[in-house]
Amino acid sequence: MRIRSLVMTAAALLLAVPATAVGQVAFGPQLSYGGDTDLGIGGRGLANVESLEHWDFVGTFDVWFPDDGGGGDVSAWEANGNLAYNFVVEDTSLNPYAGAGLSIFHVSVENESTGNEADDTDLGLNFFGGLKFPGQSITPFFEIRGVLEGADQVVVTGGILF
């Protein structure tokens, strides 16, 4: 019940950010590794929230390629909506950030021997921290994210933003 309350609170916070309050926007590819889902390839969009200094809205989408364990064809995807706080660090080119948000995780399994299919979609709660390395035209980033419920795993992600 506590997880459900946290997820509902996070959803309310994400929905409270009006679209007109969006400032600078960046997009880019990302590569992820999840403890249960193996390799993930996807994209990330980031928008500064002008009305909340130092805050970004971060949306991501990954297609996962989990090991099927020899039992069938497994496919999975995940969409995330997060709010990230950017810490101000003087005299460095590193920009640390941390935040929380929601995860929607979907998995489909087809049993090769029986032809039966099963799929499931779960809502989860993200907690994450990372570093951005701002440059002239691209910004590489590295992030570690824990997911409660949903995919229920630790994910390491890296990529670049344009």
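Residues numbered from 1 in each chain as written. Predicted model: local features only at pLDDT ≥ 70, side-chain atom pairs only at ≥ 80, totals over all residues. Heavy atoms only, no water.

*Asks:* How should I be thinking about the nonpolar core in this particular structure?
*Replies:* Core analysis: the biggest nonpolar cluster contains 8 residues, these being Ala-26, Leu-46, Val-58, Ala-84, Tyr-97, Phe-128, Phe-141 and Leu-161. Residue contacts for Leu-161: discarding those within four places in its chain leaves Ala-26, Phe-27, Gly-28, Arg-44, Leu-46, Ser-137, Ile-138, Thr-139 and Phe-141. With 5 residues, the next largest nonpolar core counts Trp-64, Ala-76, Phe-105 and Ala-151 among its residues. (Core = buried A, V, L, I, M, F, W, Y, C linked by side-chain atoms within 4.5 Å. Buried < 20%, exposed > 50% of the residue type's maximum accessible area, 1.4 Å probe, protein only. Contact = heavy atoms within 4.5 Å.)

*Asks:* Teacher, can you tell me more about the environment of Leu-83 here?
*Replies:* Looking at the element boundaries, Leu-83 is found in strand S4 (residues 72–86). Taking C-alpha positions, Leu-83 is 9.3 Å from Leu-102, a pair spaced 19 residues apart along the chain. (Helix = DSSP H or I, 4+ residues; strand = E, 2+ residues; numbered from the N terminus.)

*Asks:* Can you help me understand the pairing of strand S8 (residues 154–161) in this one?
*Replies:* Consecutive side chains along a regular strand alternate between the two faces of the sheet. Burial along S8 is one-sided: the face carrying Val-155, Thr-157, Gly-159 and Leu-161 is buried and the face carrying Val-154, Val-156, Gly-158 and Ile-160 is not. Once strand S7 (residues 139–149) ends, the chain turns through 4 residues before running back antiparallel as S8, passing Gly-150 with a positive phi of about 45 degrees. (Pairing = 2+ DSSP bridges.)

*Asks:* Quick question: what am I supposed to make of the packing of aromatic side chains here?
*Replies:* Any pair of aromatic rings gets described here by the distance separating the centres and the angle formed by the planes. If you walk through the whole model with that rule in mind, you get 4 aromatic pairs. When the centroid spacing of 5.8 Å and the interplanar angle of 25 degrees are considered together, the rings of Phe-61 and Trp-77 count as stacked. Taken as a pair, Phe-61 in strand S3 (residues 55–65) and Trp-77 in strand S4 lie far apart in primary sequence, 16 residues in all. Note on Phe-61: relative accessible area 39%, which makes it partly exposed. On the basis of an interplanar angle of 75 degrees and a centroid distance of 5.1 Å, the ring pair of Tyr-85 and Phe-87 is categorised as edge-to-face. In this structure Tyr-85 comes out as partly exposed when scored by relative accessible area, which is 27%. Ring-pair connections join several aromatic residues into one group, and the members of that group are Trp-55, Tyr-85 and Phe-87. (Phe/Tyr/Trp six-rings, centres within 6.5 Å; stacked < 30°, edge-to-face > 60°.)

*Asks:* Mind showing me how you'd approach the side chain of Asn-86 here?
*Replies:* Mapped onto the elements of the fold, Asn-86 is located in strand S4. At a separation of 2.9 Å, a polar atom in the side chain of Asn-86 contacts the side chain of Lys-132. What Asn-86 contacts, discounting residues up to four positions off in sequence, is His-54, Trp-55, Asp-56, Pro-96, Tyr-97 and Lys-132. (Polar contact = N/O pair within 3.5 Å; in protein donor to acceptor, adjacent residues only side chain to side chain.)

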